[in-house]
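Results of the structural survey
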Amino acid sequence: MASQLETSRLSLRAYTPLDIDHLAALYADPDVTAFTKLGRLTRAQAEATLAGYLADWRDKPFGMCAAVLKASGEFTGECGLFWLERSDEPALRYAFHKRFWGRGLAGEAASAVIDHAFRLLGLERLVSYVEAPNEASHRVMGKLGLKAERIAQTPKGALHVYVVTAERWLDRR
């Protein structure tokens, strides 16, 4: 993935070490992390997560991005791709600060990431996992055209596995 993507309202850029305060604040919020893969993080855990993000960008053509408003430069959250070890495939993930919920930013960011993954990286398929009670993310998946492939049971409960293929994505565009 290019180290920077643009949407009408957002700039999605590769994280830098200077983003630790942004990432730590995002993952310290229990409302934001209620349905995230990483869960609520301490500052030390956020530092380790950021180190992982930076390593991903060194080792892969994609990674997680800081999402900032183009108009103000304000950090809104994150969106990007990570390698899902258990299924050996790329996965889409996002998290945004509460004050930016309901504005369509998650869908806008995810759409740019997916489009880039298929058009420029040549990926064939992406997955995204959404916990059953996360209604907002189910709506985002539907608007983006991702299809629920299956439901996995985890210790936390049902996890909906959404999938989109390059063929289906590019045919919709």
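To keep things clear, this report deals only with the structure shown in the data block. (Residues numbered from 1 in each chain as written. Predicted model: local features only at pLDDT ≥ 70, side-chain atom pairs only at ≥ 80, totals over all residues. Heavy atoms only, no water.)

**Focus on the overall build of the protein chain**
- Along the protein chain, the regular secondary structure elements total six helices and eight strands.
- Reading the secondary structure of the protein chain in the N-to-C direction produces β-β-α-α-α-β-β-β-α-β-α-β-β-α.
- In terms of overall size, the protein chain behaves like a compact globule, its C-alpha atoms giving a radius of gyration of 15 Å where 173 residues would be expected to give roughly 16 Å.
- Along the longest, intermediate and shortest principal axes, the C-alpha atoms of the protein chain span 40 × 35 × 30 Å.
- Counting over 173 residues, the protein chain shows a buried share of 52%.
- Considering only intrachain contacts with a sequence separation of at least 6, the fraction spanning at least 24 residues in the protein chain is 61%.
- Taken as a whole, the protein chain presents about 8500 Å² of accessible surface, with 53% of it coming from carbon and sulfur. (Helix = DSSP H or I, 4+ residues; strand = E, 2+ residues; numbered from the N terminus. Rg over C-alpha atoms; globule rule 2.2 N^0.38 Å. Buried < 20%, exposed > 50% of the residue type's maximum accessible area, 1.4 Å probe, protein only. Contact = heavy atoms within 4.5 Å. Areas by Shrake-Rupley, 256 points an atom, 1.4 Å probe, with all protein chains shown as cover.)

**Quick word on the pattern of salt bridges**
- What the rule picks out here adds up to 13 salt bridges.
- The closest approach of N and O atoms between arginine 43 and glutamate 47, which form a salt bridge, is 3.5 Å. Within this pair, arginine 43 and its partner glutamate 47 are both found in helix H3 (residues 43-59), separated by four residues, close to a single helical turn.
- The shortest N-O distance in the salt bridge between aspartate 115 and arginine 119 comes to 2.9 Å. Here arginine 119 and aspartate 115 lie together in helix H4 (residues 105-119), a separation of four residues that amounts to about one turn.
- On the accessibility criterion, aspartate 115 (21% relative accessible area) is partly exposed.
- Residue arginine 119 is classed as partly exposed on the basis of its relative accessible area, which comes to 45%.
- Members of the salt-bridge network, linked through shared partners, are Asp21, Arg43 and Glu47. (Salt bridge = Lys/Arg side-chain N within 4 Å of Asp/Glu carboxyl O.)

**A short note on the layout of surface pockets**
- Volume-wise, the largest pocket comes out at about 1000 Å³.
- Along the walls of the largest pocket sit 42 residues, with Phe35, Tyr94, Asn134, Ala136 and Ser137 positioned nearest its centre.
- Looking at the lining of the largest pocket, the elements that each hand over two or more residues are helix H2 (30-33), strand E4 (75-84), strand E5 (89-96), H4, strand E6 (125-131) and helix H5 (135-144).
- Take the lining of the largest pocket: its biggest share by element is eight residues, from H5.
- A volume near 210 Å³ is recorded for the second largest pocket.
- Forming the walls of the second largest pocket are Lys37, Leu38, Gly52, Tyr53, Asp56, Lys60, Met64, Phe82, Trp83, Leu84, Glu85 and Arg93.
- Listing elements by their share of the lining of the second largest pocket, those giving two or more residues are H3 and E4.
- Broken down by class, the residue content of the lining of the second largest pocket amounts to six nonpolar, one polar and five charged. (1 Å grid on protein atoms, 1.4 Å probe; cavity = no way out; pocket = protein on both sides within 12 Å on 5 of 7 lines; lining within 4 Å. Points joined across faces, edges and corners; volume = space filled by probe spheres on them. Nonpolar A, V, L, I, M, F, W, Y, C, P; charged D, E, K, R; others polar.)

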